[in-house]
Amino acid sequence: MKDIPITRTPSRRGLLKGIAAGTGTLAAAGAFPGFIQAQSSEPIRLGFQLHRTGIGAAYGRWYERTAQAALQVLNDAGGINGRPVEILFEDDGTDPKRGAEVVEKLATQGRCDAVFGALFSNVVVGSAPRAGELRIPYLVCSEGHHVASGITNRWTLQPGITDVKSQVQAMAPWVAANLGKKVTMVFPDYAFGYDHRDFFTAAMEAQGGEVVELIAIPPTETSFTRHLPRIPSETEVLYHVMVGPAVLTFVKELGEFYGTGDHPEIFGFIDSLEAVDIAGPGLEFLEGTHFWEGHPRCLQPGASEHETFYRAAVGVDDNGASVSDAREVSTYAHMFSAWETLFVIKAGMEAAGYQGPDDRQAFVEAIEAMTEMPLSREHPQGDKVFNGRTHQVFGHQHISKVAEGRLEVVHTTSIEDGLYPDEVDYTTQPF
Amino acid sequence: MTGHRGAILGLHLGVIGVLAALYFVLPAYHVSNLARIMVLSVFAMGYNIAFGYTGLLSLGHALFFASGLYATGTLVQLAGWPAGPGLLAGIAGGALAALAVGLLALRTTGVAFMIVTLMFAQAGYLLILYFGPLTRGDEGYVIDRASRVVAGLDLSDDRTRYFAALALFALALLACLALVRSPTGRVLVAMRENAERSRMLGYDPFRYRLIGLVASGLLAGASGAAYGLMFGYVGATFASIQYSILPLLWVLLGGAGTVLGPFLGTLVMFYLVDLSSSVTTAHLMVVGLALLALVLFARKGLLGSLRERALPWLP
């Protein structure tokens, strides 16, 4: 038989103890949701590997502005999963060694959830191995074919800009049909140039055209005069792509070489004239020539509302220059990739229910699962298709003609024009 | 100096010991930085043998670093060699490049030597670009993680990489110490101080300078080969003029002709760039100002000045 406890009136001391304990429990209970709240509302930290100095500085300045503008829009709309987002910008000097160190710094010291923003191919290739070792998502904005070629790793993705192989393949049919089938290529004698040489040559041959001469310009060259006589007279299209300020000399010397006489059609990549005023002195010879543009620098008639929103948010006028200084021309053809990549990060993190670094793998898998990216504020350059196996996105390309110092779009490729067979399936690789 | 043998050995072993202990104390970011710094300071130690001890002001050491990097990278990634033999080939690559350059460039001295070595390094850089289909030029290529295993040690693992870097650093440091305290090392210093007087004493300057340059190239090659395997990237940037100037700055900063100076210089320069780049875009100006201060107040570098003022026994 059990004793039945006798209910007694609580003593004053016991009452005080109870109140103290109760108050403590209540306080603890009050504090705990506060702790949960602090955990879930802690900002998501993204690292931006920025070419603030070095050869990529002109791009870096605009990539930073674009990312800042996108961040503002993103946070105004509630951030990611309701959490605010911070971006830590760190200069890599456009150097592959420093690039790897910057990824490390952002990942370990900056405690970033993901890193994005790199443009120059050597920085991407130099940094990707370290990102893979650190198991941090590394989203590049480079247009190089490195990611889709399979030389990087499961943690490296390019969801914001089409790669160069796709770009040249998409444009070759229009060039062959409208400008000519016999092409002479002038390109820098290093990896970026080789991508153009190899992919465009193959694409032209597929169109029944041919590359009649390849002129590789050594990177140390300061004058092109001795190379220009190598352009065969049968050339119908002169294809040029260059990096850096050498293009100004190239165009000037090309003008002197042909004078006012007949010259082949000229098709170039805007890369060499990004951040350069195309109506500037010395570039008159470009009038009537054609350019590839990832995103049309000059506002086109009938531009989408998303395009005008993006342009205003970044602070770019109708001619592609800064709204605060018309002489400061943007890197418009490429910089949308920083904007779109940030919104892909948002979509990926929300799809993965991202909470913290433990969910990085789920985040990468969520991006791999993406396919359609419709034209929207998040994707103002145009709709896109993402290939999760190759970690590469495919979008529309534009061919523009220089008319009275403005770039007017004369042709826009379809996404299908730029698709090619997969060269890698990252989804079969371990994390 | 012989009276300080214990202190000298204790100091150098102590530095190695402290570096080993730092792995357990420092946050991950600094651990990884130190691994890089230790590997790169082997490059600086190599430069120091040529410049600090033998008096050869070379502007072409990027070639020796890149020879090691590319010999290892090409054989491991492109030819499928195991990483161990690839590493040895990289070390040999640096020494052979130095031997080839030395046989020609050591016919000159002073400014002419600087120009000739610079020219060779530029030729090497352009050669890498010329063979773009193989080397991927400036973009470079990645060494697969699976290929970065030496004697069962996975160099892509943080802990393994740190201690592999420390082992390489310790080996190079003790080898430098042994060299500069050996009779050969003393002749190298004699070449720096007065080659003609040394010749009069029966030492052939060409031969000893070649020994100094090959030893220097060997360490630079070892550093390049190890860097490729530890960090998984091979690119032409490492053969550019910048990587000929950097070891010169590291050595000048730390103290030319001191055994620990190259490490100290590499360490200080790394953190000078790292810390200042977080604050200003003009981080190279910060580095420039630091070097100006060095020239004005400590011409012999940090350890060189310390030796002059307080520790005359410092090797």
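Everything that follows concerns the structure shown earlier in this document.
Residues numbered from 1 in each chain as written. Chains lettered and ligands numbered in written order. Predicted model: local features only at pLDDT ≥ 70, side-chain atom pairs only at ≥ 80, totals over all residues. Heavy atoms only, no water.

Here's the deal with the overall build of chain A
Consideration 1: Helix and strand counts for chain A stand at 11 helices and 17 strands.
Consideration 2: Looking at chain A as a whole, 58% of its 431 residues qualify as buried.
Consideration 3: Restricting to contacts in chain A with at least 6 residues of sequence separation, those with at least 24 account for 69%.
Consideration 4: When the accessible surface of chain A is totalled, it reaches about 17000 Å², and 54% of it is carbon and sulfur. (Helix = DSSP H or I, 4+ residues; strand = E, 2+ residues; numbered from the N terminus. Buried < 20%, exposed > 50% of the residue type's maximum accessible area, 1.4 Å probe, protein only. Contact = heavy atoms within 4.5 Å. Areas by Shrake-Rupley, 256 points an atom, 1.4 Å probe, with all protein chains shown as cover.)

A closer look at the interface of chain A and chain B
In many analyses, interface size is given as the accessible surface area lost on bringing the parts together.
Consideration 1: Contact with chain A, which involves 31 residues of that partner, is made by 35 residues of chain B.
Consideration 2: Summing both sides of the interface, chain A and chain B together bury roughly 2900 Å²; the carbon and sulfur share of this comes to 54%.
Consideration 3: Run the count over chain A and chain B and you get eight salt bridges.
Consideration 4: Residue Glu104 of chain A pairs with Arg36 of chain B through a salt bridge whose shortest N-O separation is 3.5 Å.
Consideration 5: Here chain A and chain B share 12 residue pairs in polar contact (both at pLDDT 80 or more) between them.
Consideration 6: Elements with a contribution of two residues or more to the side of chain A that touches chain B: strand E2 (85-91), helix H3 (96-109), helix H4 (121-134) and helix H7 (191-206) of chain A.
Consideration 7: By residue number, the principal contributor to the side of chain A that touches chain B is H3 of chain A, which donates nine residues.
Consideration 8: When grouped by side-chain class, the residues that make up the side of chain A that touches chain B number nine nonpolar, nine polar and 13 charged. (Buried area = accessible area lost by both parts, 1.4 Å probe. Salt bridge = Lys/Arg side-chain N within 4 Å of Asp/Glu carboxyl O. Polar contact = N/O pair within 3.5 Å; in protein donor to acceptor, adjacent residues only side chain to side chain. Nonpolar A, V, L, I, M, F, W, Y, C, P; charged D, E, K, R; others polar.)

Thoughts on the sheet that holds strand E5 (residues 156-157) of chain A
Across a sheet, paired strands are connected by hydrogen bonds in the backbone, their directions being either parallel or antiparallel.
Residues and elements named next belong to chain A.
Consideration 1: Ordered in space as E2-E1-E3-E4-E5, the five strands form an open sheet in which the pairing is parallel. Both edges of this open sheet fall to E2 and E5, since each of them pairs with a single strand only.
Consideration 2: Across three bridges, strand E1 (residues 44-50) lies against strand E3 (residues 114-116) in parallel orientation. Counterpart to Leu46 in the pairing with E3 is Ala114. (Pairing = 2+ DSSP bridges.)

Here we look at the pairing of strand E17 (residues 406-412) of chain A
Residue and element names in this part refer to chain A.
Consideration 1: Taken together, the six bridges between strand E16 (residues 398-403) and E17 define a ladder with antiparallel strand orientation. The residue of E17 that forms the bridge with His398 is Thr412.
Consideration 2: The antiparallel pairing of E16 with E17 creates a hairpin that spans two residues between the two strands, and Glu404 there sits at a positive phi of about 50°.

Digging into the packing of helix H2 (residues 28-53) of chain B against helix H11 (residues 261-279) of chain B
Residue and element names in this part refer to chain B.
Consideration 1: For the pair H2 and H11, the least separation of the axes is 8 Å and the interaxial angle reads 130°. As the angle between them shows, H2 and H11 are arranged oblique. Crossing of H2 over H11 shows right-handed handedness. Contacts from Tyr29, His30, Asn33, Leu34, Ile37, Met38, Leu40, Ser41, Ala44, Met45 and Asn48 of H2 reach H11 at Pro262, Phe263, Thr266, Leu267, Phe270, Tyr271 and Asp274.
Consideration 2: Of the residues in the contact of H2 with H11, the class split is 12 nonpolar, five polar and one charged. (Axes fitted to C-alpha atoms, helices over the stretch in contact; angles between N-to-C directions. Parallel < 35°, antiparallel > 145°, perpendicular 65-115°, else oblique. Left-handed = near helix turned anticlockwise from the far one by under 90°.)

Thoughts on the nonpolar core
Consideration 1: If you look at the biggest cluster of nonpolar residues, it comprises 146 residues, and the most contacted ones within it are Phe200, Tyr239, Leu254, Phe267 and Leu273 of chain A together with Leu19 and Phe169 of chain B.
Consideration 2: When residues in this core are grouped by element, the largest group, 16 residues, is from H2 of chain B.
Consideration 3: Leaving out residues up to four positions away in the same chain, Phe267 of chain A has contacts with Met171, Val175, Leu179, Val237, Leu238, Tyr239, His240, His290, Phe291, Trp292 and Ile399 of chain A.
Consideration 4: Core analysis: the next-biggest nonpolar cluster, separate from the first, contains 65 residues, Ile87, Val102, Ala107 and Val393 of chain A among them. (Core = buried A, V, L, I, M, F, W, Y, C linked by side-chain atoms within 4.5 Å.)

What to know about the sheet that holds strand E15 (residues 392-395) of chain A
Residues and elements named next belong to chain A.
Consideration 1: Strand order across the open sheet formed by three strands is E13-E14-E15, with antiparallel pairing between neighbours. The outermost strands of the open sheet, each flanked by one partner alone, are strand E13 (372-373) and E15.
Consideration 2: Pairing of E13 with strand E14 (residues 384-387), which is carried by two bridges, proceeds in the antiparallel orientation. Following the sheet pairing, Glu372 is matched in E14 by Val385.

A closer look at helix H9 (residues 205-231) of chain B
Residue and element names in this part refer to chain B.
Consideration 1: For H9, spanning 27 residues, the distance from its first C-alpha to its last is 38 Å, which sits close to the expected 39 Å at 1.5 Å a residue.
Consideration 2: Here H9 lies mainly inside the structure; 21 of its 27 residues are buried.
Consideration 3: Regarding H9, its N-cap is Asp204, as a side-chain oxygen of that residue lies 3.2 Å from the backbone nitrogen of Phe206 further along.
Consideration 4: At the exit of H9 stands Gly232, carrying a positive phi of roughly 75°. (Expected span 1.5 Å × (residues − 1).)

Describing the packing of aromatic side chains
Consideration 1: For the structure on display, the rule yields 37 aromatic pairs over all chains.
Consideration 2: Consider the rings of Phe394 of chain A and Tyr420 of chain A, whose centres lie 5.5 Å apart with planes at 80°: the pair is edge-to-face. Taken together, the residues Phe394 of chain A in strand E15 and Tyr420 of chain A in the segment after E17 connect sequence positions 26 residues apart.
Consideration 3: It is Arg377 of chain A that lies over the ring of Phe309 of chain A; its NZ or CZ is 3.6 Å from the centre.
Consideration 4: A cation over an aromatic ring shows up here: Arg207 of chain B above the ring of Tyr208 of chain B, its NZ or CZ 5.3 Å from the ring centre. (Phe/Tyr/Trp six-rings, centres within 6.5 Å; stacked < 30°, edge-to-face > 60°. Lys NZ or Arg CZ within 6 Å of the ring centre and 35° of its normal.)

Digging into the pattern of salt bridges
Consideration 1: Following the criterion strictly, the structure yields 36 salt bridges over all chains and no others.
Consideration 2: Salt-bridge contacts for Arg65 of chain A lead to Glu328 of chain A; the nearest nitrogen and oxygen are separated by 2.6 Å. Of this pair, Arg65 of chain A sits in helix H2 (residues 57-76) while Glu328 of chain A sits in strand E12 (residues 325-329), and the two are 263 residues apart along the sequence.
Consideration 3: Given the relative accessible area of 18%, Glu328 of chain A is considered buried.
Consideration 4: Here Glu133 of chain A ties to Arg148 of chain B by a salt bridge, and the two come within 2.6 Å at their closest N and O atoms. One end of the pair, Glu133 of chain A, is in helix H4; the other, Arg148 of chain B, is in the loop between strand E1 (141-142) and strand E2 (149-150), on a second chain. This pair shows no difference in class: Glu133 of chain A is buried, exactly as Arg148 of chain B is.

Functional significance is not addressed by these values, which are geometric in nature.
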